[in-house]
Amino acid sequence: MMEPVFVVTGASRGIGAATASLAADAGYRVVRASRSAEESVGDRGWDAKCDVSSWDSVQELMSRVESRWGRIDVVFANAGVSLDTSFVSEAGAKPSEWTEMVVTNVCGPAFTARAAMPALMRSGGHLVLTGSAAGRGVRPGNLYSATKWAITGLAQAIRAEAVGTGVRVTVVQPGLVDTEAIPASRAADPKLAPEDVGRAVLYAVSQPSTVDVNEILIRPTGQAAHR
Ligand SMILES: NC(=O)c1ccc[n+]([C@@H]2O[C@H](COP(=O)([O-])OP(=O)(O)OC[C@H]3O[C@@H](n4cnc5c(N)ncnc54)[C@H](OP(=O)(O)O)[C@@H]3O)[C@@H](O)[C@H]2O)c1
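- You'll find the protein entered in an unreviewed UniProt entry as SDR family oxidoreductase, with Lentzea rhizosphaerae given as the organism.
- Its UniProt record gives the protein a comment under Sequence similarities (unreviewed entry), which states: "Belongs to the short-chain dehydrogenases/reductases (SDR) family."

Quick word on the packing of helix α1 (residues 14-25) against helix α5 (residues 194-205)
Then comes step 1: Closest axis-to-axis distance for the α1/α5 pair is 8 Å, and the angle between their directions is 50 degrees. For the element pair α1 / α5, the angle class is oblique. The two elements α1 and α5 cross, and the hand of that crossing is right-handed. Residues G14, I15, A18, T19, L22 and A23 of α1 lie in contact with α5, whose contacting residues are P194, E195, V197, G198, R199, V201 and L202.
Then comes step 2: Residues belonging to the contact of α1 with α5 are distributed by class as follows: eight nonpolar, three polar and two charged.

Overview of the side chain of S57
Then comes step 1: Mapped onto the elements, S57 comes out in helix α2 (residues 55-69).
Then comes step 2: Of note is the side chain of S57, whose polar atom sits 2.9 Å from the backbone nitrogen of D51.

Looking at the site of the ligand
Then comes step 1: The environment of the ligand is formed by 30 residues, the closest being S12, R35, S36, Y144 and T179.
Then comes step 2: Contacts to the ligand include I15, whose backbone N or O atom sits 2.9 Å from an oxygen atom.
Then comes step 3: In this structure, D51 approaches the ligand through a side-chain N or O atom, which is 2.9 Å from a nitrogen atom.
Then comes step 4: Relative to its unbound accessible area of 880 Å², the ligand is 95% covered by the protein chains.
Then comes step 5: Elements represented by at least two residues in the shell around the ligand include exactly α1 and α4 (143-162).

Topic: the packing of aromatic side chains
Then comes step 1: A complete count under the given rule lists four aromatic pairs for this structure.
Then comes step 2: Ring centres of F6 and Y28 lie 5.0 Å apart, and the angle between their planes is 80 degrees; on these two criteria the pair is classed as edge-to-face. Note that F6 is positioned in strand β1 (residues 5-9) and Y28 in the loop between α1 and β2 (29-34), a separation of 22 residues in sequence. Taken individually, F6 and Y28 each receive the classification buried, so the pair is uniform in this respect.

Some thoughts on the pattern of salt bridges
Where side chains of opposite charge bring their charged atoms close, a pairing between them can arise.
Then comes step 1: For the coordinates displayed, the defined rule picks out twelve salt bridges.
Then comes step 2: With a shortest N-O distance of 3.0 Å, R44 and E3 are connected by a salt bridge. Here R44, found in the loop between β3 (40-41) and β4 (45-49), pairs with E3, found in the segment before β1; they are 41 residues apart in sequence, far enough to count as distant.
Then comes step 3: Among the residues examined, R44 registers a relative accessible area of 37% and is labelled partly exposed.

Quick notes on α1
Then comes step 1: Across its twelve residues, α1 extends 17 Å between first and last C-alpha, which sits within 8% of the 16 Å expected from 1.5 Å per residue.
Then comes step 2: Regarding α1, the residues found buried are I15, G16, A18, T19, A20 and A23.
Then comes step 3: Tucked inside the fold, the buried residues of α1 contact β1, β2, β5 (74-77), β7 (168-174) and α5.
Then comes step 4: Just past α1, the residue G27 takes up positive phi, approximately 105 degrees.

Things to note about the side chain of T85
Then comes step 1: Turning to its location among the elements, T85 is positioned in the loop between β5 and α3 (98-123).
Then comes step 2: The buried category is assigned to T85, whose relative accessible area is 11%.
Then comes step 3: Within the structure, the side chain of T85 is placed 2.7 Å from the backbone oxygen of G141, a separation counted as a polar contact.
Then comes step 4: Polar contacts involving the side chain of T85 include one to the main-chain amide nitrogen of L143, which spans 2.9 Å.
Then comes step 5: Not counting the four nearest positions on each side in its chain, T85 is found in contact with A91, W98, M101, G141, N142 and L143.

Thoughts on the nonpolar core
Then comes step 1: Counting 33 residues, the largest nonpolar core has V7, V31, L61 and M62 as its most contacted members.
Then comes step 2: Ranked by residues supplied to this core, first place goes to α3 with six residues.
Then comes step 3: The residues contacting V7, other than those within four sequence positions of it, are V31, L61, M62, V65, I72, V74, V75 and F76.
Then comes step 4: By size, the runner-up hydrophobic cluster in this structure holds 23 residues, among which are A11, Y28, L192 and A204.

Parameters and conventions
- Residues numbered from 1 in each chain as written.
- Predicted model: local features only at pLDDT ≥ 70, side-chain atom pairs only at ≥ 80, totals over all residues.
- Heavy atoms only, no water.
- UniProt positions renumbered as here; feature names shortened; annotations may be inferred.
- Axes fitted to C-alpha atoms, helices over the stretch in contact; angles between N-to-C directions.
- Helix = DSSP H or I, 4+ residues; strand = E, 2+ residues; numbered from the N terminus.
- Parallel < 35°, antiparallel > 145°, perpendicular 65-115°, else oblique.
- Left-handed = near helix turned anticlockwise from the far one by under 90°.
- Contact = heavy atoms within 4.5 Å.
- Nonpolar A, V, L, I, M, F, W, Y, C, P; charged D, E, K, R; others polar.
- Polar contact = N/O pair within 3.5 Å; in protein donor to acceptor, adjacent residues only side chain to side chain.
- Near = heavy atom within 4 Å.
- Areas by Shrake-Rupley, 256 points an atom, 1.4 Å probe, with all protein chains shown as cover.
- Phe/Tyr/Trp six-rings, centres within 6.5 Å; stacked < 30°, edge-to-face > 60°.
- Buried < 20%, exposed > 50% of the residue type's maximum accessible area, 1.4 Å probe, protein only.
- Salt bridge = Lys/Arg side-chain N within 4 Å of Asp/Glu carboxyl O.
- Expected span 1.5 Å × (residues − 1).
- Core = buried A, V, L, I, M, F, W, Y, C linked by side-chain atoms within 4.5 Å.

Dropping the structure here:
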């Protein structure tokens, strides 16, 4: 059998890049998808251009991967963006800028799941979504947090519908991670390394097929409980 195939969205940097590298080390053929990718495909690695906010782009990606590499075993719906927002003041991004974040963070993983599920059902595969510790608690004025609450619900909705298909669904909920996405105001806070999250993803997907790891909440030691 050819090596299993692992697709990562948001793989050009940060958590996605670290997870793609660990998946390659674990023996997967890895598709690294992002908007900025320069298309290049070899026998074991594939840099693929994909914008998760576009249904057509995500559907085309999954179709290209399955037809060229024959199967899809793991899909890590990880691409996301973060903006500061306020509902009571002019602070943070303007409301006219909020749409892109909501579409990327909510429709992106939903489109990714919908496009990948037929291939995952054929392979008995695994869908992993990047949620956030911000998807479990209240963040004052924070629309980003609401998009990650949506991921908590999305994972549960997909898992409930996938019962009987053999597909497993995991949501990984990191606390603060040392990537370009974090705001300057949190630069001095305790942070996970992107690889710490990647190892959690690899843990979930390396369990026996009878074990469905539903949620992994992972915070840096010392992160304040409300962050
Ligand atoms: N850093 C944290 O503290 C933290 C904590 C909890 C959860 N998260 C979540 O973890 C995920 C990864 O974040 P990160 O911290 O690794 O951020 P990052 O370093 O900024 O990486 C974000 C990745 O997403 C890609 N991306 C953004 N919009 C995209 C789109 N429309 N289509 C395809 N790719 C897109 C980016 O590549 P291109 O720009 O090339 O497209 C990049 O590869 C996000 O879902 C984020 O919300 C982060």
